[in-house]
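Tertiary structure, described
Below, each chain spelled out in residue letters.
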Amino acid sequence: MTAPPALLALEDGTVFQGTAFGAEGESFGEAVFNTGMAGYQEVLTDPSYAGQIVTMTAPQQGNYGVNDEDPESWRVQVAGFAVREASRRASSWRAQATLAEALGGAGVVGIEGIDTRAVTVRLRTAGAMRAGVSTVDLDPASFVERVRAADGMAGADLARTVSTARAYEASDLVGPPDATVGPVFRVAAYDFGMKRNILRRLAACGIATTVFPAATQPAEIAAGGYDGVFLSNGPGDPAATTYGIAATRELLGKVPIFGICLGSQLLGLALGGRTYKMPFGHRGVNQPVRDLATGNVEITSHNHGFAVDPRSWDRDADGLALTNYGRVSLSHWNLNDGTLEGMRCLDVPAFAVQYHPEAAPGPHDARYLFDEFRTAMGGSA
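Please read all numbers here as calculations on a predicted model, not as lab measurements.

1. Some details on the pairing of strand β21 (residues 350-353)
Here β21 shows two buried faces, one formed by A350 and A352 and the other by F351 and V353. Note that strand β14 (residues 257-260) and β21 share four bridges and pair parallel. Across the sheet, F258 pairs through a bridge with F351, a residue of β21. Bridge count for strand β20 (residues 340-345) against β21 is three bridges, and the pairing is antiparallel.

2. A closer look at the pattern of salt bridges
With the rule as written, the count across this model stands at 18 salt bridges. Ionic pairing is found between R327 and D347, a salt bridge with its closest N-O pair at 3.0 Å. In this pair, R327 sits in strand β19 (residues 326-334) while D347 sits in the loop between β20 and β21, placing the two residues 20 residues apart along the sequence. The exposure class assigned to D347 is partly exposed, which follows from its relative accessible area of 42%. Within this structure, E26, D137 and R146 form a network of salt bridges that share partners.

3. Digging into the state of the cysteines
As enumerated under the stated definition, the model contains zero disulfides in all. With no disulfide of its own, C205 has C261 as its nearest cysteine by sulfur position, at a separation of 19 Å. Given the relative accessible area of 7%, C205 is considered buried. The thiol sulfur of C261 is not disulfide-bonded, and the nearest other cysteine sulfur, from C345, lies at 18 Å. The buried category is assigned to C261, whose relative accessible area is 2%.

4. Structural notes on helix α9 (residues 242-251)
Listing the buried residues of α9 in full gives Y243, G244, I245, A247, T248 and L251. Close packing links the buried residues of α9 with α5 (159-162), β11 (185-191), α8 (218-223), β13 (228-231), β14 and α10 (262-270). Directly beyond the C-terminal end of α9, a positive phi value near 90° is found at G253.

5. Things to note about the environment of L99
Within the element layout of this structure, L99 appears in helix α2 (residues 99-106). Given the relative accessible area of 0%, L99 is considered buried. Those residues in contact with L99, other than ones at most four positions away along the chain, are F21, Y40, L44, Q61, G62, V66 and F81.

6. Quick word on the sheet that holds strand β4 (residues 52-56)
Strand order in the closed barrel formed by seven strands is β1-β2-β8-β6-β4-β3-β9, with mixed pairing between adjacent strands. Each strand of the sheet is rotated relative to its neighbour by a mean of 35°, with strand direction disregarded. As judged from the three bridges shared by β4 and strand β6 (residues 80-82), these two strands associate in the parallel manner. Looking at the pairing, T55 lines up with A82 of β6.

7. Focus: the packing of α9 against α10
Relative to each other, α9 and α10 sit at 65°, their axes nearing to 8 Å. Taken together, the axes of α9 and α10 are roughly perpendicular relative to one another. Judged by the twist between their axes, the crossing of α9 over α10 is right-handed. Taken together, the residues of α10 that come into contact with α9 (itself represented by G244, I245, T248 and R249) are L266, L267, L269 and A270. Each residue belonging to the contact of α9 with α10 can be placed in one class, and the counts come to five nonpolar, two polar and one charged.

8. Describing the side chain of N67
Considering the arrangement of structural elements, one finds N67 in the loop between β5 (60-61) and β6. The class for N67 is buried, based on a relative accessible area of 9%. In terms of polar contacts, N67 uses its side chain to reach the backbone amide nitrogen of E69, at 2.8 Å. Residue contacts for N67: discarding those within four places in its chain leaves Q41, R94 and Q96.

9. What about the environment of T2?
Mapping T2 onto the fold places it in the segment before β1 (5-10). In sequence terms T2 and T19 are 17 residues apart; their C-alpha atoms lie 9.2 Å from each other.

10. Points about the layout of surface pockets
One number sums up the size of the largest pocket: a volume of about 270 Å³. Taken together, 15 residues make up the lining of the largest pocket; nearest its centre are R124, F280, G281, H282 and Q287. Those elements that provide at least two residues to the lining of the largest pocket are α3 (116-126) and β15 (275-291). Of the residues forming the lining of the largest pocket, the biggest block, eight residues, is contributed by β15. Classifying every residue of the lining of the largest pocket by side-chain character gives four nonpolar, eight polar and three charged. Taken as a whole, the second largest pocket spans an internal volume of roughly 220 Å³. Around the second largest pocket, the lining is made up of 18 residues, and of these S73, W74, V162, Y168 and D191 lie nearest the centre.

11. Looking at α2
Here α2 has its buried residues at L99, A102 and L103. Down the axis of α2, the sector holding all buried residues measures 95°, keeping them to one side. On its buried face, α2 sits against β2 (15-22), α1 (40-45), β5, β6 and β8 (109-112). At the C-terminal side of α2, G107 shows a positive phi close to 75°.

Calculation rules
- Residues numbered from 1 in each chain as written.
- Predicted model: local features only at pLDDT ≥ 70, side-chain atom pairs only at ≥ 80, totals over all residues.
- Heavy atoms only, no water.
- Buried < 20%, exposed > 50% of the residue type's maximum accessible area, 1.4 Å probe, protein only.
- Helix = DSSP H or I, 4+ residues; strand = E, 2+ residues; numbered from the N terminus.
- Pairing = 2+ DSSP bridges.
- Salt bridge = Lys/Arg side-chain N within 4 Å of Asp/Glu carboxyl O.
- Disulfide = S-S within 2.5 Å.
- Contact = heavy atoms within 4.5 Å.
- Axes fitted to C-alpha atoms, helices over the stretch in contact; angles between N-to-C directions.
- Parallel < 35°, antiparallel > 145°, perpendicular 65-115°, else oblique.
- Left-handed = near helix turned anticlockwise from the far one by under 90°.
- Nonpolar A, V, L, I, M, F, W, Y, C, P; charged D, E, K, R; others polar.
- Polar contact = N/O pair within 3.5 Å; in protein donor to acceptor, adjacent residues only side chain to side chain.
- 1 Å grid on protein atoms, 1.4 Å probe; cavity = no way out; pocket = protein on both sides within 12 Å on 5 of 7 lines; lining within 4 Å.
- Points joined across faces, edges and corners; volume = space filled by probe spheres on them.
- Arc of directions from axis to C-beta.

Such coordinate-based values are descriptive only and should not be taken to indicate function.
Below, the structure written as structure tokens:
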């Protein structure tokens, strides 16, 4: 059976012609690229990719298929998927379906047979931009105009769209917390787009997690007597996630807080900082980040298009940021482009990193941060 033709169009007028795999139809979103060599199933199901059309730079995707154990959420989250070649065969004993079958079942349009390196160079040069993928409108001029009329990512509040509708216990998804590491701590986690492997890593550190909807009032969390609060990753513009900023601000100083990705940006905003949209973001599994406290360089997994501006605050003689909640160490820095990657409050118990220490997919260099969260709640690392 011949695959139908498809277009990938960028708002600057660049159009790539290929063939469809997965579902037929069309969708619009922000065009981004991911440099990971593997981990496409985790990418597809990561809620942080909601509203984005993801181009994979590695030329062949789908080699090992997909399964029911590796998803990072309950469904495919990307708006579209662009690859050089989609493997027709899933060569793994764990495979339960092919990549094309996974996209088709989710109603997500994929496009293959395009020069994904050229897409990446275009995005690196001009920045992430609005895009569309279609098997319906195959007129380049017409489709580009429709892409230009689509909503952009700046100002988009997307966390609500991917968050859980009701609170639940993480143990129902990932099993009970490991009690062999010491007393089990209770944590309330804000779901702005929670990845399942975060819950697995918390459980491995002896933490029982209750996951709450993104817009949960902080008073409800405070009344629960939790030992800590976790701020999850998620999609959209952090400055538009006003309820998350307000909740973080209200809980600061009352309970230890740990944030990842969007959670880190929300902490920065709650501390009086600013965020900005990066030219093309960090998405992949090979970003070097230096921890200033130890001097160690970690190879880390990333998925974010916004960052905290380190110029947001005045600094003291030691370079510490001065905020309404006390001194803050700007603790982690990206060695590729100098982006601020982490913060540690020195006068209230709170810290966050912009990258993904749960690394699904990716390296395990930063898993120690979950142990540090446990330590912050009074447990041994």
